[in-house]
Amino acid sequence: MRESATGAPGLVLHASEGRPFRFDPGALCLELLPTGGHSGYPRYEVLHTPADLVRWAGWSRLRLGPDLSVSGGELARAHELRSSLWRLATARAHGTAPAAADFEVVNAVAAEPPLVPRIAAGAGKEWVSGATGSALLSTVARDAVELFAGPYARRIRECGSHDCQLLFADTSRPGSRRWCAMERCGNRHKVRAHRSRHQEGDG
């Protein structure tokens with residue numbers, strides 16, 4: 001995982017075969033999910049140390065600088081928040097009832113003071129230096145509040161590929177997004193469909 005080389009929202013992930021692809025989940029809070037570890041995916045864990053969470057913050061759409069300070073306790077809190085976000089997003093994607101306990105985790109983290117934005121000298125946006133892991137997680141949790149209580153809550157989906165569980169919010173105007181990334185699962189689907197048509201034609 002790393003920052004998108006184009007500077008566009010989203011992360012650069014690596015498929016199981018090693019090929020990189022850009023994945024934009026449509027919301028900051030959903031960018032935390034591909035860091036792994038939750039549910040049955042401990043082998044995909046990338047947040048092993050506080051420094052790993054600092055790196056993720058720089059790769060995320062926050063583009064937070066390396067002066068972020070993260071403690072071991074804040075890293076554990078990130079794992080807890082991520083698990084709750086994963087369960088909530090999965091419930092939305094599959095049309096099942098979300099657990100109240102997971103909303104409570106998000107709300108508790110969101111209640112902490114968030115990152116403080118400011119206008120940079122070049123009129124761009126930046127974050128006030130000296131931020132903590134708690135402020136980072138509060139910002140992520142507040143984004144989750146906006147997502148799950150907002151108009152895109154009904155557009156939280158799981159990738160349409162049978163072997164991909166990446167979750168995203170479909171923010172496209174037509175609301176017809178099916179894949180985590182067209183360059184990965186979308187193209188694989190097109191290749192399979194093409195082969196299937198040819199095999200039927202040969203038969």
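K.L.:
I'm lost on helix H5 (residues 133-148) in this one. Help?
P.N.:
Residues separated by three or four positions in an α-helix point in the same direction, a consequence of the helix having 3.6 residues per turn. Here H5 contains 16 residues, and its C-alpha end-to-end distance of 22 Å stays within 8% of the 22 Å for a straight helix at 1.5 Å per residue. Residues Gly 133, Ala 135, Leu 136, Leu 137, Ser 138, Thr 139, Val 140, Ala 141, Ala 144, Leu 147 and Phe 148 constitute the buried set of H5. Looking at the buried side of H5, the elements it contacts are helix H1 (28-31), helix H2 (50-59), helix H3 (72-94), helix H4 (100-110), strand S6 (156-158) and strand S7 (167-169).

K.L.:
What is the right way to look at the packing of H3 against H4 in this model?
P.N.:
Two quantities define a packed helix pair, namely the angle between the axes and the distance from one axis to the other. One way to put it is that H3 packs onto H4 with a least axis distance of 9 Å and a crossing angle of 135°. Between H3 and H4, the interaxial angle falls into the category oblique. In this structure, H3 crosses over H4, and the sense of that crossing is left-handed. The segment H3 lies against H4, with Arg 77, Glu 80, Leu 81, Ser 84, Leu 85, Arg 87 and Leu 88 engaging Asp 102, Phe 103, Val 105, Val 106, Ala 108 and Val 109. Class assignment for the residues of the contact of H3 with H4 results in eight nonpolar, one polar and four charged.

K.L.:
How should I be thinking about the nonpolar core in this particular structure?
P.N.:
If you look at soluble globular proteins, the nonpolar side chains tend to sit buried side by side. If you look at the biggest cluster of nonpolar residues, it comprises 52 residues, and the most contacted ones within it are Trp 56, Leu 81, Leu 85, Leu 136, Val 140 and Cys 180. Secondary structure elements with two or more residues in this core: strand S2 (11-14), strand S3 (20-23), H1, H2, H3, H4, H5 and S7. Setting aside its immediate chain neighbours within four residues, Cys 180 contacts Phe 21, Phe 23, Cys 159, Cys 164, Leu 166, Phe 168 and Cys 185.

K.L.:
Is there a simple way to think about the packing of aromatic side chains in this case?
P.N.:
What describes a pair of aromatic rings is the distance from one ring centre to the other and the angle between the planes of the rings. Under the counting rule described, the total for this entry stands at zero aromatic pairs. Between Arg 177 and the ring centre of Phe 168, over which it is positioned, the NZ or CZ distance is 4.0 Å.

K.L.:
What am I meant to see in unusual backbone geometry here?
P.N.:
Glycine aside, negative phi is the norm for most residues, and most peptide bonds take the trans geometry. Non-glycine residue Arg 63 carries a positive phi angle of around 55°. If you trace the backbone, Arg 63 turns up in the loop between H2 and H3. On the basis of relative accessibility, which here comes to 28%, the residue Arg 63 falls in the partly exposed class.

K.L.:
Sorry, what's going on with the pattern of salt bridges here?
P.N.:
Applying the stated criterion across every chain yields a total of eight salt bridges. With its nearest N and O atoms 2.6 Å apart, the salt bridge here joins Arg 61 to Asp 24. Of this pair, Arg 61 sits in the loop between H2 and H3 while Asp 24 sits in the loop between S3 and H1, and the two are 37 residues apart along the sequence. Under the relative-accessibility criterion, Asp 24 is labelled partly exposed at 21%.

Quick notes on the rules
Residues numbered from 1 in each chain as written. Predicted model: local features only at pLDDT ≥ 70, side-chain atom pairs only at ≥ 80, totals over all residues. Heavy atoms only, no water. Helix = DSSP H or I, 4+ residues; strand = E, 2+ residues; numbered from the N terminus. Expected span 1.5 Å × (residues − 1). Buried < 20%, exposed > 50% of the residue type's maximum accessible area, 1.4 Å probe, protein only. Contact = heavy atoms within 4.5 Å. Axes fitted to C-alpha atoms, helices over the stretch in contact; angles between N-to-C directions. Parallel < 35°, antiparallel > 145°, perpendicular 65-115°, else oblique. Left-handed = near helix turned anticlockwise from the far one by under 90°. Nonpolar A, V, L, I, M, F, W, Y, C, P; charged D, E, K, R; others polar. Core = buried A, V, L, I, M, F, W, Y, C linked by side-chain atoms within 4.5 Å. Phe/Tyr/Trp six-rings, centres within 6.5 Å; stacked < 30°, edge-to-face > 60°. Lys NZ or Arg CZ within 6 Å of the ring centre and 35° of its normal. Salt bridge = Lys/Arg side-chain N within 4 Å of Asp/Glu carboxyl O.

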